[in-house]
Amino acid sequence: MRNGIHLFLFVLLTFPLFSHSEVITLTSDTFSDKIKEKDTAWFVKFCVPWCKHCKNLGTLWDDLGKAIEGTDEIEIGEVDCGTDKPVCSKADIHSYPTFKLFYDGEEVARYRGSRDVDSLKNFVLEEADKAATNAQAQQLDSDREL
């Protein structure tokens, strides 16, 4: 019986370590370099701690991170505009929450749809695919010009 309790406590205490989502906090020091990563789409949530709409998102962004985890070339990020105002100014953020998709350093789409994991996931997969296709077409065009 005692070993069963120890095993239960071990599983209970270690489970959160394995369920951690793939949401990356971006700061003034990391934002520009991260969103410029070659052939990578970054879907970024811009929020402030005092915003009731941001608070109402609850675990949505972490849940999206878990749903996207393992998808090649797509990263889920978040910026706290309360502590990283320069990032939010540079990204032209005027309301919260704001969701933007960046590809190869450029903003390619802004999300304005339903706030549920499936809608967000479908958006990011579709828009990231479009961005990758456009980037490949532009690369082919520039290769032809040479």
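Up top is the structure.
Residues numbered from 1 in each chain as written. Predicted model: local features only at pLDDT ≥ 70, side-chain atom pairs only at ≥ 80, totals over all residues. Heavy atoms only, no water.

A few points about helix H4 (residues 60-68)
Here comes step 1: All buried positions along H4 are accounted for by Leu60, Trp61, Leu64, Gly65 and Ile68. Looking down the long axis of H4, one finds its buried residues gathered within 145° of arc, a one-sided arrangement.
Here comes step 2: A positive backbone phi angle near 90° is found at Gly70, which sits one or two residues after H4. (Buried < 20%, exposed > 50% of the residue type's maximum accessible area, 1.4 Å probe, protein only. Helix = DSSP H or I, 4+ residues; strand = E, 2+ residues; numbered from the N terminus. Arc of directions from axis to C-beta.)

What about the sheet that holds strand S2 (residues 41-47)?
Here comes step 1: Read from one edge to the other, the open sheet built from 5 strands follows the order S1-S3-S2-S4-S5, with strand pairing classed as mixed. Two strands close off the open sheet at either side, each with one partner strand: strand S1 (23-25) and strand S5 (106-111). Neighbouring strand axes in the sheet, compared pairwise and without regard to direction, differ in orientation by 30° on average. (Pairing = 2+ DSSP bridges. Axes fitted to C-alpha atoms, helices over the stretch in contact; angles between N-to-C directions.)

Things to note about unusual backbone geometry
Here comes step 1: The residue after Tyr96, namely Pro97, is reached through a cis peptide bond having omega -15°.
Here comes step 2: Looking at the element boundaries, Pro97 is found in the loop between helix H5 (85-90) and strand S4 (98-103).
Here comes step 3: In this structure, Glu73 takes a positive phi of about 65° despite not being glycine.
Here comes step 4: Relative to the helices and strands, Glu73 resides in the loop between H4 and strand S3 (74-80).

Quick word on the environment of Thr27
Here comes step 1: Its location among the elements puts Thr27 in the loop between S1 and helix H2 (31-35).
Here comes step 2: Here Thr27 falls in the partly exposed class, since its relative accessible area comes to 25%.
Here comes step 3: If sequence neighbours within four positions are ignored, Thr27 has contacts with Asp84 and Val87. (Contact = heavy atoms within 4.5 Å.)

Here we look at the packing of aromatic side chains
Here comes step 1: Across all of its chains, the model carries 10 aromatic pairs by this definition.
Here comes step 2: On the numbers, 5.6 Å between centres and 90° between planes, the contact of Phe31 with Phe102 is edge-to-face. With Phe31 in helix H2 and Phe102 in strand S4, this pair connects stretches of sequence that are 71 residues apart. Per residue, the accessibility class of Phe31 equals that of Phe102, and both read buried.
Here comes step 3: With centroids separated by 5.9 Å and ring planes inclined at 85°, the aromatic side chains of Trp50 and Tyr96 adopt a geometry described as edge-to-face. Of this pair, Trp50 sits in the loop between S2 and helix H3 (52-56) while Tyr96 sits in the loop between H5 and S4, placing them 46 residues apart in sequence.
Here comes step 4: When its relative accessible area of 25% is taken as the criterion, Tyr96 is described as partly exposed.
Here comes step 5: An aromatic cluster is defined as three or more aromatic residues linked by ring pairs; in this entry it consists of Phe43, Trp61, Phe99, Tyr111 and Phe123. (Phe/Tyr/Trp six-rings, centres within 6.5 Å; stacked < 30°, edge-to-face > 60°.)

Looking at the pattern of salt bridges
Here comes step 1: This structure, assessed with the given rule, holds 6 salt bridges.
Here comes step 2: In this structure, Glu107 engages Lys100 in a salt bridge whose closest nitrogen and oxygen atoms are separated by 2.9 Å.
Here comes step 3: Ionic pairing is found between Lys130 and Glu126, a salt bridge with its closest N-O pair at 3.7 Å. Of this pair, Lys130 and Glu126 both sit in helix H6 (residues 117-145), separated by 4 residues, roughly a single helical turn.
Here comes step 4: Put simply, Glu126, Glu127 and Lys130 are held in one network by salt bridges that share partners. (Salt bridge = Lys/Arg side-chain N within 4 Å of Asp/Glu carboxyl O.)

A short note on the side chain of Thr40
Here comes step 1: Looking at the element boundaries, Thr40 is found in the loop between H2 and S2.
Here comes step 2: For Thr40, a relative accessible area of 8% corresponds to the buried category.
Here comes step 3: Sequence-distant contacts of Thr40, defined by excluding residues within four places in its chain, comprise Glu73, Glu75, Phe102, Tyr103 and Asp104.

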